[in-house]
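Given next are the chains, with one letter for each unit.
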Amino acid sequence: MKEGRAMTQSRLAIDVGGTFTDVFVFNEETGEVFVTKTSSTPSNPEQGILNGVEKAGLNGKDIKIFSHGTTVGTNALIERKLPKTALITTKGFRDVIEIRRGTKEDIWDTYKDTARPYIQRRDRFEVTERIDYEGNILQAIDEEEVRLLAKKLKRRGTESIAVCFLNAYVNGENEASVKKILKEELPDVYVCISSEVLPEIFEHERMSTTIINAVLGPIMSNYISKLSYEMQNKGYEEEILVLHSGGGVMTSSTVPRYAARLASSGIAAGAIASKHIAKLCGFDNAIGLDMGGTSTDISLMYKGDIRITKDWSIEYGYPIGFPSIEILTIGAGGGSLAWKDEGGSLRNGPQSAGAVPGPACYGRGGTEPTNSDANLVLGRLGVDLLDGTMQLNKDAANDAVKKIADAFDQSVEEAASAIIEVANANMSDAVRLISVRRGYDPRDFALVAFGGAGPLHGAYLAKDLNIPKVIIPTHPGVAAAMGCLLVDVRHDISKTYVKKLDEVNIEELTNQFSELREEARALLVEEGIAENSSSLTNFIDLRYKGQWRSLAVLVSDQITSLDAILEAFHQEHEREFAFSDKGQAVEIFGLRVTAIGTVPKPNFPQYAPEGSLEDAFKETRPVYFEGKYIETNVYNRDKIPVNTQFAGPAIIDQLDTTTVIPPGFTAEVDAYKNIIITVN
């Protein structure tokens, strides 16, 4: 890691986390990479970014492209620090968001309630209107009724309004009329309508997405406006790119319109980085393991494409209907606590020591055993971290882990090893959920292990899951920040279109796609994307008649026959659910166009071999492997030359993480300085 060096024509990527803001800078002129970290500033999130820019030694004129992921939206929803927002809906339907789908995250826990709605009942209002399922207006808007309601909302100090009417997905005329009146009466209030945000069937999902868009709209608008102003003062005159849940970026001008897409902005960056790193190493199938201090994010890439889902939320019960990279998050990180449950079993997480007080070995007041303490006891972590700027207290780690040892009548080493084994088992189970449960065989994948703690555990997960290769990126601790540089401008335009496939008129279907493509092109033009940098891709959501779950099938611009589309659906259904029924009627559920505006990406340099493995040798220390201590070589990663091959056991230190290569494993360093571990 190098800091504080001024550069020109640089690409800047920043990932804003809850504890740290990670900075990744790529110099186009020299091919050099500079990485650094700075503390996040949750009360003033843009300040953490500015601190990172300053720490990297950059001014605005040095920066060619600035892309970032942020947890501002995620934190706002979790902490409920939201603007005063109102919902306007069809008379008789204001409790849709309260009723939800009538499900619970844990159906067996009678006493655990689902989180309350983002808009309370006293702030949900009804108006007289009705549109039938075909889009016919049965009851138009009463303008006087809406204007009186607008005056009431003004007296209440309402800052944002969500409008969601029954059947507005098929005809948004009544919603548009209400929006026009509200903007006349309340010009300074943020207003969004469901027919513009998510024109899709299922009233709860559409209402939930519109509400989340409304509560985040003012927050994200204010955030991006402040950040843009500050960056302009530093001399940066280009658009600020913000990573969204679908694995693309939006420019600052479109952030307010689709604010709900930023609810998982920061999480998506790691998955993007995982995809790029795996492809760089020659793998089209990869599982991303982003393990940080409190949680682990797991993603999956199959045949070069990251798995996408529309079934996701920040809090259970309040779905966000925009396409999102499918990421499974579990409470397993370096700070996850080990504990004994009432049944006498050893558990690991999801409770965490967090950044404060942190693991016992940090010396900040923590006393409970964590994964970091266990790794330190086993010798897998050294006492010097961050190039010696952080000292770990091994005695404190021993004292913490001894609590587990005493509880199970074990030695401290046995207890520490058990803590790590339980943590690894938890993560292995999560990987199976996103792979085996989806019809993918982990043996066909590589594991990309990154984050501050991923390289400590990656080899063991691969062994447990029979994954043949583990990839440790060059800069694992800031890989998510790097991911922000590797994405394109992306928008997903969709609409509900329900019809049996064998009754579809190809010309009509083509016209429906033409309308969506026109809307998608307009968005890319608004983003400033040139036509030769744009691409549009069509998808049809299909399902067996009588089902409600659908699968997306890629279709060409020129649809000449539906037979190939039908066959592709049967094949995808077989892979996803382990069965297909070619005798069953199939129907279209929806249409979607994905618009991509290509953003130039950095070409990371390849390196020539220089020096030898002996030059990277730091020390030898005892490390606990498979029930005994083994004298293990410790290497400085920055000095390991490319094309080097060596066998475990070995420990590899670098500023932002530690990599463990257990006995029986081999490793090699490729031309991009990625470490590829082979599970033997």
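One can find the structure itself at the top, above this paragraph.
For clarity, every value in this text was computed on a predicted model and none was experimentally measured. (Residues numbered from 1 in each chain as written. Predicted model: local features only at pLDDT ≥ 70, side-chain atom pairs only at ≥ 80, totals over all residues. Heavy atoms only, no water.)

Engineer: Can you explain the pairing of strand β32 (residues 650–654)? Please cite residues and give values.
Structural biologist: A large share of β32 lies buried, amounting to five of its five residues. Of the two faces of β32, the one lined by Ala650, Ile652 and Gln654 and the one lined by Ile651 and Asp653 are each fully buried. Judged from the four bridges that link them, strand β30 (residues 628–636) and β32 form a sheet pairing that is parallel. Its bridge partner being in β32, Val634 is matched across the sheet by Ile651. (Buried < 20%, exposed > 50% of the residue type's maximum accessible area, 1.4 Å probe, protein only. Helix = DSSP H or I, 4+ residues; strand = E, 2+ residues; numbered from the N terminus. Pairing = 2+ DSSP bridges.)

Engineer: Residue-level account of the nonpolar core, with values.
Structural biologist: The biggest cluster of nonpolar side chains holds 117 residues, and the ones touching the most others in it are Phe24, Phe66, Leu216 and Leu509. Ranked by residues supplied to this core, first place goes to helix α7 (residues 203–233) with twelve residues. Setting aside anything within four residues of it in sequence, one finds Phe24 in contact with Arg11, Leu12, Ala13, Val33, Phe34, Val35, His475, Val478, Ala481, Met482, Leu485 and Phe604. If you look at the next biggest cluster of nonpolar residues, it comprises 37 residues, including Ile287, Ile652, Phe665 and Ala667. (Core = buried A, V, L, I, M, F, W, Y, C linked by side-chain atoms within 4.5 Å. Contact = heavy atoms within 4.5 Å.)

Engineer: Describe the sheet that holds β32, naming the residues involved and giving the relevant values.
Structural biologist: With respect to topology, four strands assemble into an open sheet ordered β29-β30-β32-β33, the strand pairing being mixed. Edge positions in the sheet fall to β29 (617–625) and β33 (657–661), since each has one partner strand and no second. Neighbour to neighbour, the strand axes of the sheet diverge by 25° on average, direction disregarded. Against the sheet, helix α12 (residues 454–465) touches β29 and β33, its axis set at about 20° to β33. (Axes fitted to C-alpha atoms, helices over the stretch in contact; angles between N-to-C directions.)

Engineer: Could you give an account of the packing of helix α10 (residues 394–407) against helix α11 (residues 412–434), with specific residues and numbers?
Structural biologist: Remark: α10 packs on α11, axes separated minimally by 8 Å, with the N-to-C direction vectors making an angle of 85°. Taken together, the axes of α10 and α11 are roughly perpendicular relative to one another. For the pair formed by α10 and α11, the contact residues are Asn398, Val401, Lys402, Ile404 and Ala405 on the first element and Val412, Ala415, Ala416 and Ile419 on the second. Its residues placed into classes, the contact of α10 with α11 shows seven nonpolar, one polar and one charged. (Parallel < 35°, antiparallel > 145°, perpendicular 65-115°, else oblique. Nonpolar A, V, L, I, M, F, W, Y, C, P; charged D, E, K, R; others polar.)

Engineer: Provide a residue-level description of the environment of Ile675, including the pertinent values.
Structural biologist: By the element assignment, Ile675 lies in strand β35 (residues 675–678). Along the backbone, Ile675 and Pro473 are 202 residues apart, and their C-alpha atoms lie at a distance of 6.6 Å. Leaving out residues up to four positions away in the same chain, Ile675 has contacts with Val470, Ile471, Ile472, Arg637, Ile652, Ala667, Glu668 and Val669.

Engineer: How would you summarise the environment of Phe579 if you had to cite specific residues and measurements?
Structural biologist: Mapped onto the fold, Phe579 is located in the loop between α15 (563–577) and β28 (586–597). With sequence-adjacent residues up to four places away left out, Phe579 is seen in contact with Gln547, His573 and Glu574.

Engineer: So what's going on with α12? Which residues, and what values?
Structural biologist: The end-to-end C-alpha separation of α12 is 15 Å, in line with the 16 Å expected for twelve residues at 1.5 Å each. Those residues of α12 that fall on the buried side of the exposure criterion are Gly454, Pro455, Leu456, His457, Gly458, Ala459, Leu461, Ala462 and Leu465. At its buried positions, α12 is contacted by β13 (286–291), α9 (371–377), α11, β23 (446–450), β24 (469–472) and β33. Positive phi shows up at Asn466, right after α12, with a value of about 60°. (Expected span 1.5 Å × (residues − 1).)

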